[in-house]
Each structure stands twice: as structure tokens, then as C-alpha cells.
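Next come the chains, spelled out residue by residue.
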Amino acid sequence: MSEAPRKLLLVAACALIDADGRILLAERPAGKSLAGLWEFPGGKIEPGETPEETLVRELREELGVETKAACLAPLTFASHSYETFHLLMPLYVCRRFEGVATGREGQRLKWVRPQNLRDYPMPPADLPLIAHLQDLL
């Protein structure tokens, strides 16, 4: 007997890069799955939204940062099977944004040098993305 099909979850993530070449990581808050792990900001792609629209909305809601779809450049993607769903997550790079990133949902934030990204525990889907960012920066 085959397993029940897993739900496909589409999520967009953003490597926000500051003028010093550091990347913003957000800690998953207590009460959420994978709490305490560090991730690239982003969120679920809502019906009718493009990944770019999702990131513009999520960066505004979660971090108080404003950007435009034209400032988001796709870099790579993650495809990872979790126990109850399969995650497909494009990763975009954004160097042009306005505002100071603040954790509007109680999450801790950290600006991290590319070579130090592996010092932060991350969800399994995020780990393969690190090498792409280190190559870029």
C-alpha cells in the first residue's frame, strides 16, 4: 500500500543583504514548528500571489521593510520533504530596501556574515541554500 500523498507547500524566502554584505536571519518564535531555528525571512505564497508579491508583503508585515518586486532577484530554490508535507521554496536576493528591519512578530533578528551562516541552526530546507549565498557574496 502506498503512502498518502504529501501536501505541497509553496513558500518564498529572501536573503536580505545590507550595505556591509551581511544577510538577515530571523529566529522562528516559540510555539511555531521548528521554533528556535534561524531562517531567511519570507512566508507562504497565498493563492493568486507571485513569490515576489509574497516577499514584498511578508517583509513589510514581519520586518517593517519596504521593497519592490523589481528589487528581488531569484538565486536558487529548496525542495525538501518533511514528514507531513513537501516544501518548495524559491530564494530571492534583495539588496535594495527601505527601513530598519525589526522583528514585528516577536522574532529575534541577526545580521550575519556569509561565512558565519553555518553557525546558526537552521531548518533542513534552508541548509543547502547557504553555499549558493556564500558563492554569490
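Here's what I pulled together on the structure shown here. All figures in this text were calculated on a predicted structure; none of them were measured in a lab.

Conventions and cut-offs
Residues numbered from 1 in each chain as written. Predicted model: local features only at pLDDT ≥ 70, side-chain atom pairs only at ≥ 80, totals over all residues. Heavy atoms only, no water. Helix = DSSP H or I, 4+ residues; strand = E, 2+ residues; numbered from the N terminus. Rg over C-alpha atoms; globule rule 2.2 N^0.38 Å. Buried < 20%, exposed > 50% of the residue type's maximum accessible area, 1.4 Å probe, protein only. Contact = heavy atoms within 4.5 Å. Areas by Shrake-Rupley, 256 points an atom, 1.4 Å probe, with all protein chains shown as cover. Lys, Arg positive; Asp, Glu negative; His and termini not counted. Charge placed at Lys NZ, Arg CZ, Asp CG, Glu CD. Pairing = 2+ DSSP bridges. Polar contact = N/O pair within 3.5 Å; in protein donor to acceptor, adjacent residues only side chain to side chain.

1. Notes on the overall build of the protein
Along the protein, the regular secondary structure elements total two helices and seven strands. In the protein, the succession of α and β elements from N to C terminus is β-β-β-β-α-β-β-β-α. Against the globule reference of 14 Å for 137 residues, the protein gives a C-alpha radius of gyration of 15 Å, in line with a compact fold. Dimensions of the protein, computed from the C-alpha atoms along their principal axes, are close to 55 × 35 × 30 Å. When the 137 residues of the protein are sorted by exposure, 41% land in the buried category. Of the contacts made within the protein by residues no fewer than 6 positions apart, 65% connect residues no fewer than 24 positions apart. Surface exposure of the protein reaches about 7,700 Å², of which carbon and sulfur atoms provide 52%. Averaging the locations of the 16 positively and 19 negatively charged side chains of the protein gives two centres separated by 3 Å.

2. A word on the pairing of strand β6 (residues 85–94)
Relative to β6, strand β1 (residues 7–16) runs parallel, the two being bridged by eight bridges. Within the sheet, the bridge partner assigned to L16 lies in β6 and is C94. In this structure, strand β5 (residues 72–81) lies alongside β6, joined through nine bridges in antiparallel fashion. The residue bridging F77 from the neighbouring strand is P90, located in β6. The antiparallel pairing of β5 with β6 creates a hairpin that spans three residues between the two strands.

3. Thoughts on the pairing of strand β2 (residues 23–27)
Of all five residues in β2, five are buried, a share of seventy percent or more. Taking every second residue as pointing to the same face, both faces of β2 are buried, with I23, L25 and E27 on one and L24 and A26 on the other. Pairing of β2 with strand β7 (residues 109–112) involves four bridges; the strand directions are antiparallel. Paired with L24 across the bridge in β7 is W111. As paired elements, β2 and strand β3 (residues 38–39) share two bridges and run antiparallel to each other. Each bridged residue has a counterpart across the sheet, and for E27 the counterpart in β3 is W38.

4. What to know about the side chain of Q107
The topology assignment puts Q107 in the loop between β6 and β7. Relative accessible area serves as the criterion here: at 9%, Q107 is assigned to the buried category. A distance of 2.8 Å separates a polar atom in the side chain of Q107 from the backbone nitrogen of E105. Discounting chain neighbours no more than four positions away, the residues touching Q107 are A26, E27, P29, E62 and L63.

5. Side note on the side chain of E62
When you line up the elements, E62 lands in helix α1 (residues 51–63). Beyond its immediate sequence surroundings of up to four residues, E62 is in contact with P41, G42, T102, G103, R104, E105 and Q107.

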